[in-house]
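Given next are the chains, with one letter for each unit.
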Amino acid sequence: MKYIIAVIQPHKLDAVREALTDIGVSGLTVSEVKGYGRQGGHTEIYRGAEYKINFIPKLKVEIAVPGRAAEKAMEAIRGAASSNKIGDGKIFVLDLGEAMRIRTGETGEDAL
(Lines give C-alpha, C1' and ligand atoms only; values in the text may rest on other atoms or scores of the structure.)
Protein backbone atom coordinates (compact mmCIF):
# COMPACT_ATOMS: atom_id res chain seq x y z
CA MET A 1 0.00 0.00 0.00
CA LYS A 2 1.08 3.55 -0.67
CA TYR A 3 0.21 6.88 0.97
CA ILE A 4 0.20 9.75 -1.50
CA ILE A 5 0.43 13.37 -0.41
CA ALA A 6 -0.08 16.03 -3.08
CA VAL A 7 0.29 19.76 -2.49
CA ILE A 8 -1.71 21.56 -5.18
CA GLN A 9 -3.16 24.94 -6.08
CA PRO A 10 -6.61 25.45 -4.50
CA HIS A 11 -8.44 26.02 -7.79
CA LYS A 12 -7.29 22.60 -9.07
CA LEU A 13 -9.07 20.58 -6.36
CA ASP A 14 -12.21 19.68 -8.33
CA ALA A 15 -10.17 18.52 -11.31
CA VAL A 16 -7.92 16.39 -9.07
CA ARG A 17 -10.91 14.88 -7.26
CA GLU A 18 -12.59 13.99 -10.56
CA ALA A 19 -9.39 12.48 -11.97
CA LEU A 20 -8.93 10.32 -8.87
CA THR A 21 -12.58 9.25 -8.89
CA ASP A 22 -12.24 8.26 -12.56
CA ILE A 23 -9.43 5.80 -11.72
CA GLY A 24 -11.32 4.30 -8.77
CA VAL A 25 -9.90 6.13 -5.75
CA SER A 26 -12.78 6.07 -3.29
CA GLY A 27 -11.70 8.58 -0.67
CA LEU A 28 -9.36 11.45 0.03
CA THR A 29 -8.54 13.98 2.72
CA VAL A 30 -8.00 17.67 1.96
CA SER A 31 -6.34 20.25 4.24
CA GLU A 32 -5.75 23.94 3.69
CA VAL A 33 -2.03 24.66 4.08
CA LYS A 34 0.44 27.45 3.36
CA GLY A 35 3.98 27.18 2.16
CA TYR A 36 6.50 28.01 -0.53
CA GLY A 37 8.89 26.25 -2.82
CA ARG A 38 11.13 27.57 -5.54
CA GLN A 39 8.83 30.50 -6.17
CA GLY A 40 9.58 31.79 -2.67
CA GLY A 41 6.34 33.74 -2.33
CA HIS A 42 5.22 36.85 -4.20
CA THR A 43 4.39 40.51 -3.72
CA GLU A 44 0.93 42.11 -3.76
CA ILE A 45 -0.17 45.72 -3.75
CA TYR A 46 -2.94 46.73 -1.33
CA ARG A 47 -4.06 50.38 -1.14
CA GLY A 48 -0.88 51.55 -2.76
CA ALA A 49 1.47 49.67 -0.42
CA GLU A 50 3.48 46.66 -1.56
CA TYR A 51 3.41 43.56 0.66
CA LYS A 52 5.60 40.49 0.47
CA ILE A 53 3.59 37.27 0.76
CA ASN A 54 6.00 34.58 1.97
CA PHE A 55 3.56 31.70 2.37
CA ILE A 56 1.30 30.80 -0.55
CA PRO A 57 -2.11 29.19 0.15
CA LYS A 58 -2.21 25.58 -1.11
CA LEU A 59 -4.23 22.42 -0.53
CA LYS A 60 -2.79 19.17 0.74
CA VAL A 61 -4.56 16.12 -0.70
CA GLU A 62 -3.89 12.77 0.99
CA ILE A 63 -4.93 9.37 -0.34
CA ALA A 64 -4.13 5.75 0.45
CA VAL A 65 -4.03 3.33 -2.49
CA PRO A 66 -2.94 -0.25 -3.17
CA GLY A 67 0.70 -0.34 -4.27
CA ARG A 68 -0.19 -1.32 -7.83
CA ALA A 69 -2.39 1.81 -8.18
CA ALA A 70 0.18 4.37 -6.98
CA GLU A 71 1.66 5.20 -10.39
CA LYS A 72 -1.79 5.63 -11.93
CA ALA A 73 -2.87 7.90 -9.04
CA MET A 74 0.27 10.02 -9.38
CA GLU A 75 -0.32 10.48 -13.10
CA ALA A 76 -3.99 11.36 -12.51
CA ILE A 77 -3.02 14.02 -9.96
CA ARG A 78 -0.27 15.40 -12.16
CA GLY A 79 -2.51 15.59 -15.21
CA ALA A 80 -5.29 17.36 -13.34
CA ALA A 81 -3.14 19.74 -11.26
CA SER A 82 -0.59 20.81 -13.86
CA SER A 83 -0.64 24.22 -15.50
CA ASN A 84 3.03 23.90 -16.55
CA LYS A 85 3.89 26.95 -14.44
CA ILE A 86 5.90 27.40 -11.28
CA GLY A 87 3.84 26.76 -8.15
CA ASP A 88 1.86 23.77 -9.44
CA GLY A 89 2.88 21.75 -6.38
CA LYS A 90 4.47 18.44 -5.46
CA ILE A 91 3.50 14.78 -5.06
CA PHE A 92 5.07 12.59 -2.38
CA VAL A 93 4.65 8.82 -2.14
CA LEU A 94 5.28 6.92 1.09
CA ASP A 95 5.03 3.24 1.96
CA LEU A 96 1.96 2.55 4.07
CA GLY A 97 2.57 -0.25 6.55
CA GLU A 98 -0.98 -0.89 7.70
CA ALA A 99 -4.52 0.46 7.52
CA MET A 100 -7.67 -0.38 9.46
CA ARG A 101 -11.29 0.56 8.85
CA ILE A 102 -12.60 1.58 12.27
CA ARG A 103 -16.22 0.52 11.70
CA THR A 104 -15.55 -3.05 10.54
CA GLY A 105 -12.02 -3.80 11.67
CA GLU A 106 -10.93 -4.66 8.13
CA THR A 107 -7.19 -4.33 7.63
CA GLY A 108 -4.74 -3.91 4.78
CA GLU A 109 -6.04 -3.17 1.28
CA ASP A 110 -9.55 -4.25 2.35
CA ALA A 111 -9.64 -1.18 4.61
CA LEU A 112 -8.99 1.18 1.71
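The residue numbers shown here count from 1 along each chain, following its written sequence. In keeping with the model being predicted, local features are shown solely for residues with a pLDDT of at least 70 and side-chain atom pairs are shown and tallied solely at 80 or more, while totals for entire chains, interfaces and linings include all residues. Water and hydrogen atoms were dropped before computing side-chain values, which therefore reflect all heavy atoms in the structure.

Caption draft 1: Expanded view of the side chain of Asp88. Only DSSP runs of H or I with at least four residues qualify as helices, and only runs of E with at least two residues qualify as strands; both kinds are numbered from the N terminus onward. Here Asp88 is to be found in the loop between helix H2 (70–81) and strand E6 (89–95). Each polar contact in these results corresponds to two N or O atoms within 3.5 Å; when the atoms are within protein, one needs to be able to donate a hydrogen and the other to accept it, and residues that are neighboring in sequence are counted only if both atoms are side-chain atoms. Within the structure, Asp88 has its side chain in polar contact with the backbone nitrogen of Asn84 (distance 3.0 Å).

Caption draft 2: Examining the sheet that holds E6 more closely. Pairing is antiparallel in the open sheet, where four strands are placed in the order E2-E5-E1-E6. Where the open sheet ends on each side, the last strands, each with one partner, are strand E2 (29–35) and E6. When strand polarity is set aside, the average angle formed by the axes of neighbouring strands in this sheet is 20 degrees. Whether two strands pair depends on DSSP finding at least two bridges between them. Sheet topology note: the E2/strand E5 (residues 56–65) ladder contains seven bridges and is antiparallel. By the bridge assignment, Val30 is partnered in E5 with Val61. Note on contacts: a residue pair is in contact if any heavy atoms of the two residues lie within 4.5 Å. What counts as an axis is a line fitted to C-alpha atoms, over the stretch in contact for a helix, and the angles between N-to-C directions run from 0 to 180 degrees. On the sheet, helix H1 (residues 13–22) packs against strand E1 (2–8), E2 and E5 and is oriented at approximately 10 degrees with respect to E5. Strands in contact with H2 are E1, E5 and E6; relative to E1, the strand with the most contacts, it is inclined by about 10 degrees.

Caption draft 3: Broad picture of the packing of H1 against H2. Two elements in contact, H1 and H2, have axes separated by 8 Å at closest approach and are oriented at 150 degrees. Taken together, H1 and H2 sit at an angle that is classed as roughly antiparallel. Note that H1 runs across H2; the crossing there is right-handed. Between H1, through Ala15, Val16, Ala19 and Leu20, and H2, the contact on the second element is made entirely by Ala73, Ala76, Ile77, Ala80 and Ala81. Each residue is assigned to one class: nonpolar for Ala, Val, Leu, Ile, Met, Phe, Trp, Tyr, Cys and Pro, charged for Asp, Glu, Lys and Arg, and polar for all the others, Gly among them. Considering only residue class, the contact of H1 with H2 consists of nine nonpolar, no polar and no charged. For classification purposes, angles smaller than 35 degrees are called roughly parallel, those larger than 145 roughly antiparallel, those between 65 and 115 roughly perpendicular, and all remaining angles oblique. Each crossing gets its hand from how the near helix is turned against the far one by less than a right angle, where anticlockwise is left-handed and clockwise is right-handed.

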